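Structure assessment
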Amino acid sequence: MNTTRVEASSLVDACKHLGETGWRLATIAVADSEAPELRYIFQGPRGEGWEQLVVRPQPGSRTVPSLTPSNVSADWFEREIEDLFAIDFVGHPRLGDFVLHDNRWAEGVGPMRPGAPIREALVERAWQPRRVLREEGAFVMPVGPVYAGEAESALFLLETVGEDVVRAVPRLFYKYRGVEKLAQGRSAQDALLLVERANGTSAFAHAWTYCMAVESIVGINVPERARHLRMIFAEMERVRRHCAVIRAIVDSTALWVGASRLLELEERLLRACGAVAGHRYLFGLAAIGGLQRDVDDEALRSIAHEYAEVGKRIRVTVEELAHTSSFLDRVQRVGVLDTRHANEFGAVGPFARASGVASDVRQLQPYGGYADVELEVPTANEGDGYARLRVLTDELRVSTALIGRLASHVPSGDVRSDWSPHRGEALGWTEAPGGTSVQLLMLDDDARCVNLRFTPPSFRNWQNFRWVTEDFAFQDFPIILSTCGLSVAENDR
Amino acid sequence: MNWFLRGVFGGIRTTRYPKKPETTPGTTPGFPVRAEHADAQQRSLTLVCPTSALVESGDAVDVRDDRCVHCMRCAPGVAPSPLTWRYDPQWAHATRGTIEDAALGGTFRRSMHVRVVDAGDCGACLSEILHLNDPLYNMHRLGIFITPTPRQADVLLVVGPVTEQMRLPLLEAYEAMPEPKRVLAIGACAASGGVFGPSFTSAGGVADVLPVDLVVPGCPPPPLAIIDALLALAGSRAR
């Protein structure tokens with residue numbers, strides 16, 4: 001990673017230059033020991049790698065110029081950092097009430113700062129949503145934070161003048177568990193548990209991202225067999241999670257028979273994971289230096305076969321649903337995200353690929369063994385619910401085929417390298433099922449976690465949600481929500 | 001409409017549980033069991049356990065169920081001298097008295113409504129709860145239903161360690177429920193805080209906020225373990 005130190009005054013220009021040449025903001029990390037130091041990490045558009053800009057605010061101050069007016073994809077990053085580190089971004093249009101809700105925490109706590117008086121800042125006061133619409137009869141319809149059957153907790157503020165919803169604003173972070181803060185001071189091994197359990201449906205991908213960062217700090221190579229198996233498990237997780245999203249889409253259109261069928265197929269995938277890896281959600285599988293447990297090659301081949309079989313059935317179901325007008329009518333032309341917005345607001349993963357942004361780090365910045373495999377990255381251009389469904393189904397096909405190819409010749413040998421502590425800082429990245437997951441990790445001499453910046457794909461994609469939810473009918477809301485396939489737990493972490 | 005016909009005429013594939021045990025591989029990750037006469041290697045597992053779920057007591061290694069987060073470090077295939085793991089679905093335990101004391105009983109045996117509240121879950125427990133409606137498990141056949149409103153709910157099923165910002169919505173949901181009501185905590189986070197709590201932003205499980213009746217530990221507990229707990233609350237658990 002190329003690192004450049006810049007003065008706070010020239011930060012905006014430097015970032016503007018990167019943005020104009022196609023570099024996308026991947027994350028903003030903060031190292032805050034004595035004085036805060038901000039790291040702006042950009043990803044090259046054509047596999048150039050990562051570029052880091054390091055900025056220190058003026059001594060004694062906690063203010064830096066905001067990037068948001070010139071690069072909107074920085075919006076949520078800055079709002080998050082303002083809440084967590086009490087760093088002020090000068091020129092940002094709207095800070096406050098983001099991670100820490102104003103009705104529970106006093107402003108300016110900055111819980112990520114060392115020694116911040118966090119529990120003392122708890123308050124209990126009323127909170128009213130901001131209303132933008134000023135037309136007569138306009139009102140805000142709140143949905144959440146506890147709503148529907150087994151929905152994740154989040155609040156959606158639907159602004160409406162009656163029949164149609166003009167805009168929907170998500171208020172997230174009800175489930176803020178402070179993974180980044182809790183990781184501080186823990187051993188590298190134990191911090192892995194936090195990252196893995198931040199989002200149970202993409203646990204392996206995030207654990208891999210973390211392990212990759214640790215492995216490049218301590219300077220070890222992962223054995224050939226583990227490299228190979230990691231790809232297989234990551235693709236298994238992708239298939240399962242895509243199946244879950246497709247099921248949720250069918251469920252939201254109230255086609256119970258189709259949804260039940262997909263639910264059953266998803267359970268078969270879960271059982272396959274459980275049978276071969278010992279855990280249905282692949283917890284406790286990834287380890288620093290490789291994998292925590294070895295698996296039987298024969299079992300792996302039969303699982304690959306099961307995945308191919310289930311994958312085929314999912315595809316057939318989706319193809320048949322696509323010929324059912326009551327289904328198609330409800331997913332086509334709803335929740336449209338156009339290419340310009342997807343690019344500007346930094347969308348990633350299948351969510352972005354359905355809007356014509358063909359970015360996949362497996363191809364762009366190959367990690368693990370992905371440089372050696374042929375990979376097709378399906379895209380679509382319409383950016384509506386149906387395009388997202390198609391991209392998910394195509395990716396599912398690509399991944400099941402890849403699992404089959406990988407499982408047919410697994411190299412033999414160990415699955416774990418030994419490692420010894422080393423101080424350092426490194427970036428880990430993977431293509432999680434929801435999109436690019438990036439982690440910046442700092443370890444000390446005893447391999448204790450000094451700082452962890454965990455940017456999951458959902459955090460970057462929720463930022464686009466406002467574009468997906470413009471001018472729609474009330475009954476389309478659950479459909480739009482499900483086609484986006486966004487995880488609240490992953491965002492809130 | 002082929003998908004519809006295939007779904008409707010696909011035949012019954014639902015598990016026979018609780019009438020007969022379910023033995024399909026992959027339906028449960030299993031759970032570690034207390035080792036009565038632990039060898040030295042098994043005793044050293046207490047140092048490997050990241051959440052102190054394993055504790056030495058005499059020459060035994062005891063398992064504090066609520067704390068286990070399925071890191072798998074003491075599992076067969078991972079540890080050199082693993083603990084024994086059990087694969088039955090009866091993971092639930094009562095917080096006071098016996099499991100039978102927590103049962104609602106009576107008419108609830110045939111119809112019991114559950115409100116699920118996500119108080120900081122990672123998505124794995126919620127996914128397992130979702131699979132209770134799976135044709136392979138189908139909890140409706142047992143008279144258990146998920147309801148969107150707490151006003152019609154008999155059981156409050158809570159997942160997650162209860163984050164500070166979910167504390168009040170959770171309490172409101174509980175207050176809105178009619179008597180008699182029961183609280184069921186699902187998963188390691190809800191049981192003890194898991195890897196997240198107690199912390200600056202999470203409670204150490206649901207019991208810190210609400211009176212809990214039944215706890216199902218595990219990270220996450222599989223669908224059958226949740227069904228077993230719900231049947232216990234309804235008063236019709238398999239013996």
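Residues numbered from 1 in each chain as written. Chains lettered and ligands numbered in written order. Predicted model: local features only at pLDDT ≥ 70, side-chain atom pairs only at ≥ 80, totals over all residues. Heavy atoms only, no water.

**Concerning the pairing of strand β14 (residues 449-455) of chain A**
Residues and elements named next belong to chain A. Among the seven residues in β14, six count as buried, and that is most of the element. Note: strand β13 (residues 435-443) against β14, six bridges, orientation antiparallel. For L440, the partnering residue across the bridge sits in β14 and is R453. Here β13 hands over to β14 after five residues, with A447 in that stretch at a positive phi of 60 degrees. (Buried < 20%, exposed > 50% of the residue type's maximum accessible area, 1.4 Å probe, protein only. Helix = DSSP H or I, 4+ residues; strand = E, 2+ residues; numbered from the N terminus. Pairing = 2+ DSSP bridges.)

**Let's talk about the domain arrangement of chain B**
All names here are of chain B. With domains assigned, chain B is organised as domain 1 (31-86) and domain 2 (93-234). Here domain 1 and domain 2 have C-alpha centroids that lie 26 Å from each other. Taken together, the contacts link eight residues of domain 1 with ten residues of domain 2. Buried area between domain 1 and domain 2, summed over both chains or domains, comes out near 720 Å², and the portion from carbon and sulfur atoms is 57%. By the criterion of area lost to domain 2, the three top residues of domain 1 are D66, R67 and V69, representing 64% of everything that side buries. Put simply, domain 1 and domain 2 have three residue pairs in polar contact (both at pLDDT 80 or more) between them. Looking at the side of domain 1 that touches domain 2 residue by residue, the class counts come to three nonpolar, two polar and three charged. (Domains from an automatic or database assignment. Contact = heavy atoms within 4.5 Å. Buried area = accessible area lost by both parts, 1.4 Å probe. Polar contact = N/O pair within 3.5 Å; in protein donor to acceptor, adjacent residues only side chain to side chain. Nonpolar A, V, L, I, M, F, W, Y, C, P; charged D, E, K, R; others polar.)

**Re the domain arrangement of chain A**
Interfaces are frequently sized by the accessible area removed from exposure as the parts join. Residues and elements named next belong to chain A. Its domain assignment divides chain A into domain 1 (2-121) and domain 2 (182-461). Between domain 1 and domain 2, the contact holds 28 residues from the first and 24 residues from the second. Roughly 2000 Å² is buried in total at the junction of domain 1 and domain 2, and carbon and sulfur atoms are behind 55% of that figure. Counting the surface domain 1 buries against domain 2, the share from its top three residues, R24, Q43 and W50, is 32%. Applying the counting criterion to the domain 1 and domain 2 interface returns two salt bridges. We note a salt bridge from E425 to R39, for which the minimum N-O separation is 2.3 Å. At the boundary of domain 1 and domain 2, one finds twelve residue pairs in polar contact (both at pLDDT 80 or more). Among the residues making up the side of domain 1 that touches domain 2, the classes are represented as 14 nonpolar, eight polar and six charged. (Salt bridge = Lys/Arg side-chain N within 4 Å of Asp/Glu carboxyl O.)

**Observations concerning the nonpolar core**
Counting residues in hydrophobic clusters, the biggest one holds 173 residues, and the most contacted among them are A:Y40, A:F156, A:Y210, A:F233 and A:I314. For this core, the element with the highest residue contribution is helix α6 (residues 224-252) of chain A, accounting for 13 residues. If sequence neighbours within four positions are ignored, A:F233 has contacts with A:F204, A:V276, A:A277, A:L282, A:L285, A:L291 and A:V295. Membership of the second largest hydrophobic core comes to 52 residues, among which are B:C74, B:V116, B:I129 and B:V159. (Core = buried A, V, L, I, M, F, W, Y, C linked by side-chain atoms within 4.5 Å.)

**Some details on the environment of A:E425**
All names here are of chain A. Position of E425 among the secondary structure elements: in strand β12 (residues 424-432). What makes E425 partly exposed here is its relative accessible area of 34%. Discounting chain neighbours no more than four positions away, the residues touching E425 are R39, Q52, I217, L440, L441 and M442. Among the polar contacts listed, one links the side chain of E425 to the side chain of R39, at a separation of 2.3 Å.

**Structural notes on the pattern of salt bridges**
Tallying each qualifying case throughout the model produces 47 salt bridges over all chains. In this structure, A:E37 engages A:R5 in a salt bridge whose closest nitrogen and oxygen atoms are separated by 3.1 Å. Highlighted residues: A:E37 in strand β3 (residues 36-43) and A:R5 in strand β1 (residues 2-6), separated in sequence by 32 residues. Accessibility expressed as a relative area gives 5% for A:E37, which makes it buried. When its relative accessible area of 58% is taken as the criterion, A:R5 is described as exposed. Of the charged contacts, one joins A:E264 and B:R13 as a salt bridge, the two residues approaching to 2.5 Å between their closest N and O atoms. Highlighted residues: A:E264 in helix α7 (residues 256-277) and B:R13 in the loop between α1 (2-8) and β1 (31-32), drawn from two different chains. When its relative accessible area of 36% is taken as the criterion, B:R13 is described as partly exposed.

**Regarding the packing of α6(A) against helix α16 (residues 477-484) of chain A**
Residue and element names in this part refer to chain A. For the pair α6 and α16, interaxial distance at closest approach is 8 Å and the crossing angle is 170 degrees. The orientation of α6 relative to α16 falls into the category roughly antiparallel. Where α6 abuts α16, its residues V245, A248, I249 and S252 lie against P478, I479, S482 and T483. Looking at the contact of α6 with α16, its residues break down into five nonpolar, three polar and no charged. (Axes fitted to C-alpha atoms, helices over the stretch in contact; angles between N-to-C directions. Parallel < 35°, antiparallel > 145°, perpendicular 65-115°, else oblique.)

**As for the side chain of A:T317**
Tracing the chain through its elements places A:T317 in helix α8 (residues 297-321). Given the relative accessible area of 1%, A:T317 is considered buried. For A:T317, the side chain forms a polar contact with the side chain of A:R261, separated by 3.4 Å. Leave out the neighbours within four places in its chain, and A:T317 touches A:R261, A:L262 and B:W3.

**Let's talk about helix α2 (residues 75-85) of chain A**
Counting buried positions over the eleven residues of α2(A) gives eleven, a clear majority of the element. If you check which residues of α2(A) are buried, you get A:D75, A:W76, A:F77, A:E78, A:R79, A:E80, A:I81, A:E82, A:D83, A:L84 and A:F85.

**Description of the confidence of the model for chain A**
On average, chain A scores 90 in pLDDT, and the residues at 70 or more come to 100%. The least confident element of chain A is strand β15 (residues 470-473) of chain A, whose mean pLDDT is 85; the most confident is helix α5 (residues 203-218) of chain A, at 94. (pLDDT = per-residue confidence, 0-100.)

**Concerning the interface of chain A and chain B**
Taken together, the contact between chain A and chain B spans 66 residues of the former and 63 residues of the latter. Between B:D118 and A:K175 there is a salt bridge; the shortest N-O distance is 2.6 Å. Between chain A and chain B we count 27 residue pairs in polar contact (both at pLDDT 80 or more) in total. Per element, the largest residue contribution to the side of chain A that touches chain B is twelve residues, and it comes from α7(A).

**A short note on the packing of α6(A) against helix α13 (residues 385-408) of chain A**
Residues and elements named next belong to chain A. Orientation of α6 relative to α13, taken along the N-to-C sense of each, is 150 degrees, at an axis distance of 9 Å. It follows from the interaxial angle that α6 and α13 lie roughly antiparallel. In the crossing of α6 with α13, the sense of the turn from one axis to the other is left-handed. Along the lines of polarity and charge, the residues of the contact of α6 with α13 split into 15 nonpolar, five polar and four charged. (Left-handed = near helix turned anticlockwise from the far one by under 90°.)

**Details of the environment of A:T63**
Residue and element names in this part refer to chain A. Structurally, T63 can be placed in strand β5 (residues 63-65). Look at T63 and you get partly exposed, because its relative accessible area is 35%. A sequence separation of 55 residues divides T63 from A8, and the C-alpha atoms of the two residues are 9.1 Å apart.

**Focus: the packing of aromatic side chains**
All names here are of chain A. A full pass over the atoms with the stated rule returns 20 aromatic pairs over all chains. Summarising the aromatic geometry, the rings of W50 and W429 are spaced 5.2 Å apart at their centres and angled 50 degrees between planes, so their arrangement reads as tilted. On the criterion of sequence distance, the pair formed by W50 in strand β4 (residues 50-55) and W429 in strand β12 is long-range, its members being 379 residues apart. The same class applies to W50 and to W429, which are both buried. With 6.3 Å between their ring centres and 55 degrees between their planes, F204 and W208 make a pair best called tilted. (Phe/Tyr/Trp six-rings, centres within 6.5 Å; stacked < 30°, edge-to-face > 60°.)

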